[in-house]
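Commentary on secondary and tertiary structure
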Amino acid sequence: MSSFKQEPHKLLVIPGPIEVADDVLQANAHPSMSVFSPDFIPVFGDCIRLIREVLFTKTGQPFLIAGSGSLGWDQVAANLVEPGEEALVLNTGYFGDSFVDALATYGAKVDQIKAPIGMAVPEAEIEKALLSKKYKVLTFTHVDTSTGVLSDAKRISETVRRVSPETLVVTDGICSVASEEIQFDEWDIDVVMSATQKGIGAPPGLSLLVASQRAIKVFETRSAPITSYYASWKKWLPIMQAYEQGKPAYFATPPVNLIYALQASLTRIVRGSPSLADRFRLHQEISQRIKKALKDLGLQQVPFDDSIAANGMTAVYYPEGLSAGDILPPMANKGIIVGGGLHAVIKDKCFRIGHMGVTVVDAERGDIDKVISALQDVIIEAKNAKCK
């Protein structure tokens, strides 16, 4: 057992990056290695296998590529949608806007169903759109961190399979993987994209994506050339297959140290305690606790209903008469970093709290108690100051 401990620092509870466990951060400090090293090859292969377990898939094809989680949008747009083909985006906030932009950049014809702020796209509207034309892909943000809205991935996929079974179901799970349950095979999803710095609990820098065999077949049988060089699965699929088979391969250098950190984090999630089922339960319980504490303070969350509120984060409006300057700096002064608003329409009206990963599953850290106590003190002090 390592005695490594991180230097004291302010508690990071934004919707990503999140706090990183000591052993994961230590793994990131692994000595530099060759990508062809016999020590590194099984580590990369292990990560590929472990990410399947997090998403409950036996046959999904993982892609672990250096880059932001946003690289997942480029992978989908470049490999699965040919120029001129139709794409439907279910838009619940800032990241829906971004997916629209990414798809259009690669030549897709994009329609979107834009939910009012704080709401999810109704099933009836999804069905109506799918009946109106044939879409190559339907995309949605599982958790949009700008609004805190949680979309029903299972129900969306069921609707697509019933109405337009050939349409690929693409899930932006950047802020949901490992904090929200995703049954990739059972729900018949085609793509889940994520990143290392949120529920996965590793430092930022890796785009994580898992594609169904249906999606891989669409990629392999496309007629137009792939519209990206770096994001091309023609380049990356052989790399992933080689490393999983225990063989080295090269297209571009993977972030070796970060792969070691990812292995440590995925091993914690899949093999450690709590179990995956208990991990999801704990995220739900802590989410309810945070939201109740905020409600008791008179604050209103951005999602219209708890049933569509994310379990790994909370987006909440400032109390009447208060603003970012009344909340964020005082929280930082108490050693806690929460996030400001992101959605263009409400960014000055709300703030965001991340409750994912080690902050949730390691009760001995006391992170949640610290956050709630600090919020109570800061909001009460701010309100009292306004009354003077």
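As a starting point, this report considers the structure included with it. In this text, all values refer to a predicted model and were calculated from it rather than measured experimentally.

1. As for the packing of aromatic side chains
The tally for this structure, following the rule as stated, stands at 16 aromatic pairs. Each ring, one from Phe219 and one from Trp233, has its centre 5.6 Å from the other, and the planes form 75°; the classification is edge-to-face. With Phe219 in helix α7 (residues 213–220) and Trp233 in helix α8 (residues 233–244), the pair connects residues that are 14 residues apart, well separated along the chain. A single burial state applies to Phe219 and to Trp233, both of which are buried. Ring geometry for Tyr318 and Phe351: centres 5.2 Å apart, planes at 25°, overall stacked. Of this pair, Tyr318 sits in the loop between β11 (313–317) and α11 (324–333) while Phe351 sits in strand β14 (residues 350–354), and the two are 33 residues apart along the sequence. For the residue pair Tyr318 and Phe351, the accessibility class agrees, reading buried in each case. What links up through ring pairs into an aromatic cluster is the set Phe40, Phe44, Tyr243 and Tyr260.

2. Quick word on the sheet that holds strand β4 (residues 109–114)
Read from one edge to the other, the open sheet built from 7 strands follows the order β2-β10-β9-β8-β5-β3-β4, with strand pairing classed as mixed. A strand with exactly one partner marks an edge of an open sheet, and here the two such strands are β2 (61–66) and β4. Put simply, the sheet's adjacent strands are angled 20° from each other on average, direction ignored. Across the face of the sheet, helix α2 (residues 41–54) comes into contact with β2 and β10 (206–211) while running at roughly 125° to β2. Its contacts with the sheet put helix α3 (residues 71–79) on β2, β8 (168–172), β9 (191–195) and β10, and the angle it makes with β10 is roughly 40°.

3. Some details on helix α4 (residues 94–105)
Compared with an ideal rise of 1.5 Å per residue, which puts 12 residues at 16 Å, α4 spans 17 Å between its outermost C-alpha atoms and is within 8% of the ideal. Phi turns positive one or two residues past the end of α4, at Gly107, with a value near 100°.

4. Brief notes about the pattern of salt bridges
Pairs may arise between side chains of opposite charge once their charged atoms sit close together. The final tally for this structure, using the stated rule, is 25 salt bridges. With a closest N to O distance of 3.1 Å, Arg365 and Glu19 form a salt bridge. Linking Arg365 in the loop between α12 (358–361) and α13 (367–387) with Glu19 in the loop between β1 (11–12) and α1 (22–28), this pair joins segments that are 346 residues apart in sequence. Residue classification places Arg365 among the partly exposed residues on the basis of a relative accessible area of 24%.

5. Quick look at the environment of Lys291
Mapped onto the secondary structure, Lys291 falls in helix α10 (residues 276–296). On the basis of relative accessible area, Lys291 is assigned to the buried category, the value being 13%. Beyond its immediate sequence surroundings of up to four residues, Lys291 is in contact with Gln301, Ala309, Ala310, Met313, Thr314 and His355. Within polar-contact distance, the side chain of Lys291 engages the backbone oxygen of Met313 at 3.1 Å.

6. Topic: α7
Within the span of α7, buried status applies to Ala215, Ile216, Val218 and Phe219. In a view along the axis of α7, the buried residues occupy a sector of 160°, so they form one face of it. In α7, the exposed positions angled more than 90 degrees off the buried face are occupied by Lys217 and Glu220. Buried residues in α7 make contact with β2, α3, β8, β9, β10 and α8.

Reading guide: rules and limits
- Residues numbered from 1 in each chain as written.
- Predicted model: local features only at pLDDT ≥ 70, side-chain atom pairs only at ≥ 80, totals over all residues.
- Heavy atoms only, no water.
- Phe/Tyr/Trp six-rings, centres within 6.5 Å; stacked < 30°, edge-to-face > 60°.
- Helix = DSSP H or I, 4+ residues; strand = E, 2+ residues; numbered from the N terminus.
- Buried < 20%, exposed > 50% of the residue type's maximum accessible area, 1.4 Å probe, protein only.
- Pairing = 2+ DSSP bridges.
- Axes fitted to C-alpha atoms, helices over the stretch in contact; angles between N-to-C directions.
- Contact = heavy atoms within 4.5 Å.
- Expected span 1.5 Å × (residues − 1).
- Salt bridge = Lys/Arg side-chain N within 4 Å of Asp/Glu carboxyl O.
- Polar contact = N/O pair within 3.5 Å; in protein donor to acceptor, adjacent residues only side chain to side chain.
- Arc of directions from axis to C-beta.

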